[in-house]
Amino acid sequence: MLFVEALRSPEHMRQATAKFSGRAPLLANMVEGGKTPLLAAPELQALGYSIVIFPGGLVRALSRAATDYFASLKTTGSTAASATGMLDFGELNA
């Protein structure tokens, strides 16, 4: 696998896949706010990438959910406003 770091445009990404295609599977590293443009998996596949990772997305989404949850809890003194966005107890146990 080949990982070319921090390509800064779709054109640079296209150039990398053209240059290295067939030598090794190419990996795209999609980091929100990173130097490489954030593209969807189908777009990356069309550019010649066979592997894509989104390594930070889940922790960013969970961090936002936690921030919103605690802000609401602080403001209202309750978790009721957040309940619809939670798994219920049975779903959590499953």
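Going by the structure above, here's the rest.
First, a word on what this report is: a plain description of the structure on this page.

Reading guide: rules and limits
Residues numbered from 1 in each chain as written. Predicted model: local features only at pLDDT ≥ 70, side-chain atom pairs only at ≥ 80, totals over all residues. Heavy atoms only, no water. Core = buried A, V, L, I, M, F, W, Y, C linked by side-chain atoms within 4.5 Å. Buried < 20%, exposed > 50% of the residue type's maximum accessible area, 1.4 Å probe, protein only. Helix = DSSP H or I, 4+ residues; strand = E, 2+ residues; numbered from the N terminus. Contact = heavy atoms within 4.5 Å. Phe/Tyr/Trp six-rings, centres within 6.5 Å; stacked < 30°, edge-to-face > 60°. Pairing = 2+ DSSP bridges. Arc of directions from axis to C-beta.

### Examining the nonpolar core
By size, the foremost hydrophobic cluster in this structure holds ten residues: Leu7, Met13, Ala16, Leu26, Ala28, Met30, Leu39, Leu44, Leu47 and Tyr49. Those elements that place two or more of their residues in this core are α1 (10–20), β2 (26–29) and α2 (41–47). If sequence neighbours within four positions are ignored, Ala28 has contacts with Leu44, Tyr49, Ile51, Val52 and Ile53.

### Details of the packing of aromatic side chains
Under the counting rule described, the total for this entry stands at one aromatic pair. Their ring planes at 75° and their centres at 5.2 Å tell us that Tyr69 and Phe70 sit as a pair that is edge-to-face.

### What to know about the sheet that holds strand β3 (residues 51–53)
Spatially, the three strands line up as an open sheet ordered β1-β2-β3, and their pairing is parallel. If you trace the sheet from one side to the other, it starts and ends with β1 (2–3) and β3, each paired once. With two bridges connecting them, β1 and β2 associate as parallel partners. Each residue of the ladder has a partner; that of Leu2, found in β2, is Leu26.

### Regarding the environment of Ala18
Mapped onto the elements of the fold, Ala18 is located in helix α1. Linking Ala18 and Leu47, residues 29 residues apart in sequence, is a C-alpha distance of 8.6 Å.

### Focus on α1
All of the buried residues in α1 are Met13, Ala16 and Thr17. Across the axial projection of α1, the buried residues extend over an arc of 95°, all falling on one side. Pointing more than 90 degrees away from the buried face of α1 are the exposed residues Ala18 and Lys19. One or two steps after α1, the chain reaches Gly22, where phi turns positive at roughly 90°.

### Observations concerning the side chain of Asn29
Tracing the backbone through its elements, the reader meets Asn29 in strand β2. Non-local contacts of Asn29, meaning those with residues more than four positions away in its chain, are made with Phe3, Glu5, Ile53 and Pro55.

Distances and angles like these do not, on their own, reveal function.
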